[in-house]
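The lines below spell out each chain.
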Amino acid sequence: MKNDSIAARNERIVNAVAQVRGRAQTSGGAVVVETDAYGTITDLQISPAAMTVDGSRLAKAIAQCHQTARDQANTEANRIYAELMNISASSTPDPSGNTPEWEDPAPIRITHVV
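Draft legend 1. Spatial organisation of the sheet that holds strand β3 (residues 41-46). Spatial strand order, β1-β2-β3: 3 strands in an open sheet with antiparallel pairing. Looking at strand neighbours, the two that pair on one side only are β1 (21-25) and β3, the edges of this open sheet. With strand direction ignored, the average angle separating the axes of adjacent strands in the sheet is 10°. Lying on the sheet, helix α2 (residues 55-84) is in contact with β1, β2 (31-36) and β3; it crosses β2 at an angle near 35°.

Draft legend 2. Representation of the packing of helix α1 (residues 3-18) against α2 within the structure. For the pair α1 and α2, the least separation of the axes is 10 Å and the interaxial angle reads 160°. The pairing of α1 with α2 is recorded here as roughly antiparallel in orientation. Pair α1 / α2 crosses with right-handed handedness. Mapping the contact onto sequence places R9, R12, I13, A16 and V17 in α1 and A77, I80, Y81 and L84 in α2.

Draft legend 3. Geometry of α1. For α1, spanning 16 residues, the distance from its first C-alpha to its last is 22 Å, which sits close to the expected 22 Å at 1.5 Å a residue. Looking at α1, one finds that the buried residues are R9, I13 and V17. The buried residues of α1 occupy an angular sector of 65° when the element is viewed end-on, so they sit on one face. Looking at α1, the residues exposed on the side facing more than 90 degrees away from the buried face are N3, D4, E11 and V14.

Draft legend 4. Representation of the nonpolar core within the structure. Counting residues in each nonpolar core, the largest one holds 8 residues, listed as A24, V31, V33, A50, L58, A61, C65 and A69. Residue assignment for this core shows that the elements contributing at least two residues are β2 and α2. Those residues within four positions of A50 in sequence are excluded, and the remaining contacts are A30, V31 and L58. If you look at the next biggest cluster of nonpolar residues, it comprises 7 residues, including I13, V17, A73 and I80.

Draft legend 5. Main features of α2. The end-to-end C-alpha distance of α2, which contains 30 residues, comes to 43 Å, matching closely the 44 Å that a straight helix rising 1.5 Å per residue would cover. Every buried residue of α2 is accounted for by L58, A61, C65, H66, A69, A73, N74, A77, I80 and A82. Those residues of α2 that are buried are in contact with α1, β1, β2 and β3. Just downstream of α2, N86 is the residue with a positive phi angle, here 60°.

Cut-offs applied
- Residues numbered from 1 in each chain as written.
- Predicted model: local features only at pLDDT ≥ 70, side-chain atom pairs only at ≥ 80, totals over all residues.
- Heavy atoms only, no water.
- Pairing = 2+ DSSP bridges.
- Helix = DSSP H or I, 4+ residues; strand = E, 2+ residues; numbered from the N terminus.
- Axes fitted to C-alpha atoms, helices over the stretch in contact; angles between N-to-C directions.
- Contact = heavy atoms within 4.5 Å.
- Parallel < 35°, antiparallel > 145°, perpendicular 65-115°, else oblique.
- Left-handed = near helix turned anticlockwise from the far one by under 90°.
- Expected span 1.5 Å × (residues − 1).
- Buried < 20%, exposed > 50% of the residue type's maximum accessible area, 1.4 Å probe, protein only.
- Arc of directions from axis to C-beta.
- Core = buried A, V, L, I, M, F, W, Y, C linked by side-chain atoms within 4.5 Å.

Right, here's the structure in full:
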């Protein structure tokens, strides 16, 4: 693959991942959290009714929604990345062991985003 096409593919990946959002809310919709693929909160909505509950209960609801939204966005970003890299999400190493010496037959998957 030429450097131009690698750069273009990388730019498509970066742009696509930048558009990813995860969204979660409490069952009644009192708390809504939206995050980007990196887990940054991009939208937080707290209803006036939610402001009347105990602070620790509200904090727990926000934290749980944030975790769910972040996981959702991360899953979608990984799916997009794999799709754009033409990597099968369920790819497994070649059982015959015929991999180039520079290629790790069992690549490490990074799952933590900083």
